[in-house]
Amino acid sequence: MDFPVSLDSCQRVRLPSSLSFLTHLLLLLQPREMHSEEFRVVGHGEPILAHVGDEVEFPCHLSPYRDAEHMEIRWFRSRTSDVVHLYRERQEFYGQQMAQFQNRTELVTDEIADGSVTLRLHPVVPADEGPYGCRFLSSDFTGEAVWELEVAGLGSDPHISLEGFKQGGIQLRCSSSGWYPKPQSQWTDHQGRCLPPETEVIVKDAQGLFSLETSVVVQGGAHSNVSCSIQNPLLGQKKEFVVQIADVFLPGTSPWKRAFLGTLVGPLLVLALLPTLALYFFRRQRRSQEKLKKQVEKDKGKLQVELDWRRAEGQAEWRAAQQHAVDVTLDPGSAHPSLEVSEDGKSVSSRRMAPGSAAGDPQRFSEQMCVLSRERFSTGRHYWEVHVGRRSRWFLGACLAAVPRAGQARLSPAGGYWVMGLWNGCEYFVLDPHRIALTMRVPPRCVGIFLDCEAGKLSFFNVSNGSHIFTFTDTFSGALCAYFRPRAHDGSEHPDPLTICPLPVREKRVPEEQDSDTWLQPYEPSDPALAMW
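All chains use their own residue numbering, which begins from 1 and follows the written sequence. Thresholds applied to this predicted model are a pLDDT of at least 70 for local features of residues and 80 or more for the giving and counting of side-chain atom pairs; totals over whole chains, interfaces and linings are not thresholded and use all residues. Calculated side-chain values reflect all of the structure's heavy atoms, with hydrogen atoms and water omitted.

Take the overall build of the chain next. Counting from the N terminus, the helices are DSSP H or I runs at least four residues long and the strands are E runs at least two residues long. Within the chain, the regular secondary structure consists of four helices and 33 strands. When each of the 533 residues of the chain is scored for burial, the buried share is 43%. Contacts are residue-level and defined by heavy atoms, with any inter-residue pair within 4.5 Å sufficient. Intrachain contacts of the chain at a sequence separation of at least 6 include 63% that bridge at least 24 residues. The Shrake-Rupley method, run with a 1.4 Å probe, gives the accessible areas here. Residue values count only the displayed protein chains as cover. Accessible surface computed for the chain: about 28600 Å², of which carbon and sulfur atoms make up 54%. Only protein chains enter the accessibility calculation, which uses a 1.4 Å probe. A residue is then buried if its area is under 20% of the maximum for its type, exposed if over 50%, and partly exposed in between.

See the structure below:
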């Protein structure tokens, strides 16, 4: 009679005990799972193209930013066991490193407290091509990112040699080495028509680079010049060599062809003719060099006039842009947590930030270390100047006000960014949409930016000498903001902030440092730190 009762009683006692155990278990597991999901590893989102012999960088960081000094960070190939470089607890371990990467890697940990590290690999060789990845590992988190490395090598200039007479014409041989991937060759005549090669041999050496040798037989009366071009299919770049051949030396048009074909002393005539050919080519080349030298001297003056005119034109364009100067201030609400905006909203600099401080306000950039202006530009013309000082890394320009604030972005017009950048203190470039290198005669300490909304143009000027740098031409789909990115902890000896210059008030000539030219300084710097420029 009591059995059902005791059974019910037993169930009533055990059920709460089971629930309590499950509840504690879930509470223990939940924070760990949430913490693991909160972070992710961000690597290079697109394939990286590197040239043979150059240095390539593999950046990786945690998002949101978090101290990674006590984590294990591993760079690997297709499998995590294929170790390219290993960092663990503030030390680098080389025992597991693959043999092909020994003495070729360098780890940059300047920003590891913010969860950002970079691995440098040098020099690049063809065998480095393929998949790579980086993995962050700690007691409560593991994550990885993968990407592809593409390798390209531009070989030596083609060399053409004269092999002799063959099949009623002259045989030419073209050779070059040091290419990657496998190159493509082409013979053409003076009208650009393709000539079929007689032979073509491509050989891969011990370093993985390709050497090419091809030959063609040139017939008489058809080709005054013949060119041999060799192209890299990945880079789309080629190297070419042109040789000129006089018809008098071709058997098809020579008066002694019948005798040459009708006698048995042909080989002797060929041996006698080859020195004559060599002497002819030498004298022709010397005359061409002398003629070219005279032409260079003649054109030198014209070129100088052209350069002076272009410089004057660029300065006139810059002075015209200054007539549209506007007052620009920074919006602290958009700044990445690692950036510090001054109280007057005129300068921005990098700072260390506490782990986890990147999360929160959706108006802030969570991964791009940048800040936008308060002003929005949708019509009219607008000009502002930014003092960059001696920083070794920065980005400046404009972007759509509606660009996403979370995640990484490619700073090209397709993503809503029209910017110019500096890397490693000397590499100036823009992305339009691919990287375009910019050459600076005088490094800019102050950059002028001119936006013409109706014309769809954004121009950059070197205020240091009043020259024009680059102009984007595009159609802007919405309002734009001024864009500032000082690049955190660039490691330079002069970590100057990016500072918006006061509006131009008058023209004043000052000498450029280490340059004999002068330029128009369009403002009176109120900050003593700026007066030296």
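In terms of burial, strand β8 (residues 116-121) is largely enclosed, as six of its six residues are buried. At least two DSSP bridges between two strands are required for those strands to pair. Pairing geometry for strand β7 (residues 105-108) and β8, over four bridges, is antiparallel. Looking at the pairing, Glu 106 lines up with Arg 120 of β8.

Quick look at the confidence of the model for the chain now. Mean pLDDT for the chain: 79, with 75% of residues reaching 70 or above. A residue's pLDDT is the predictor's confidence in that residue, given on a scale from 0 to 100. Contacts for the low-pLDDT stretch residues 1-21, under 50 throughout, to residues beyond four places or in other chains number one contact.

So, on to the environment of Leu 235. Tracing the backbone shows Leu 235 in the loop between β17 (225-232) and β18 (237-244). Taking relative accessible area as the criterion, Leu 235 reaches 18% and is therefore assigned buried. Residues in contact with Leu 235, not counting those within four places in the same chain, are Leu 49, His 51, Ala 152 and Leu 154.

Across the sheet, seven strands lie side by side as β19-β20-β31-β22-β27-β28-β29; this open sheet has antiparallel pairing. Only two strands of the sheet have a single partner each, and these edge strands are β19 (339-341) and β29 (467-473). Averaged over all pairs of adjacent strands, the angle between their axes in this sheet comes to 20°, without regard to strand direction. To get an axis, fit a line to the C-alpha atoms, keeping to the stretch in contact for a helix; angles then go from 0 to 180 degrees between the N-to-C directions.

Turning to the packing of aromatic side chains, a few remarks are in order. Working definition: rings of Phe, Tyr and Trp (its six-membered ring) pair if their centres are within 6.5 Å, and the pair is stacked with planes under 30 degrees apart, edge-to-face with planes over 60 apart, and tilted otherwise. Summed over all chains, the structure comprises twelve aromatic pairs. Between the aromatic rings of Phe 58 and Trp 147, the centroid separation amounts to 5.5 Å while the plane-to-plane angle is 50°, which identifies the pairing as tilted. Note that Phe 58 is positioned in strand β3 (residues 56-63) and Trp 147 in strand β10 (residues 141-152), a separation of 89 residues in sequence. Since its relative accessible area comes to 1%, Phe 58 is described here as buried. Ring geometry for Phe 470 and Phe 472: centres 5.0 Å apart, planes at 75°, overall edge-to-face. Comparing Phe 470 with Phe 472 shows no difference in burial state: the two are buried. One aromatic cluster is present, built from ring pairs that chain together Phe 58, Phe 101, Tyr 132 and Trp 147.

The rule for a salt bridge is simple: a side-chain nitrogen of Lys or Arg has to be within 4 Å of a carboxyl oxygen of Asp or Glu. Applying the stated rule across the entire model yields 17 salt bridges. Linking Arg 40 and Glu 367 is a salt bridge whose minimum nitrogen-to-oxygen distance equals 2.8 Å. Of this pair, Arg 40 sits in strand β1 (residues 40-42) while Glu 367 sits in the loop between β20 (347-350) and β21 (371-372), and the two are 327 residues apart along the sequence. On the basis of relative accessibility, which here comes to 44%, the residue Arg 40 falls in the partly exposed class. Among the ionic pairs, Arg 88 bridges to Glu 72, the shortest N-O distance being 3.0 Å. Taken as a pair, Arg 88 in strand β5 (residues 83-88) and Glu 72 in strand β4 (residues 72-76) lie far apart in primary sequence, 16 residues in all. Judged by its relative accessible area of 28%, Arg 88 falls in the partly exposed class. On the basis of relative accessibility, which here comes to 9%, the residue Glu 72 falls in the buried class.

Below, the discussion takes up unusual backbone geometry. Note that the residue after Ser 63, namely Pro 64, is joined by a cis bond; omega there is -5°. For Pro 64, the location among the structural elements is in the loop between β3 and β4. Omega for the peptide link from Tyr 180 to Pro 181 comes to -5°, which places this bond in the cis form. Assignment of secondary structure puts Pro 181 in the loop between β12 (169-179) and β13 (184-189). For Arg 90, which is not a glycine, the phi torsion comes out positive at approximately 65°. Mapped onto the elements of the fold, Arg 90 is located in the loop between β5 and β6 (91-93). On the basis of relative accessibility, which here comes to 53%, the residue Arg 90 falls in the exposed class. For Asn 103, which is not a glycine, the phi torsion comes out positive at approximately 65°. Locating Asn 103 in the fold gives a position in the loop between β6 and β7.

Moving on, we get to the sheet that holds β1. With antiparallel pairing, the four strands of this open sheet are ordered in space as β1-β3-β8-β7. Where the open sheet ends on each side, the last strands, each with one partner, are β1 and β7. When strand polarity is set aside, the average angle formed by the axes of neighbouring strands in this sheet is 20°.

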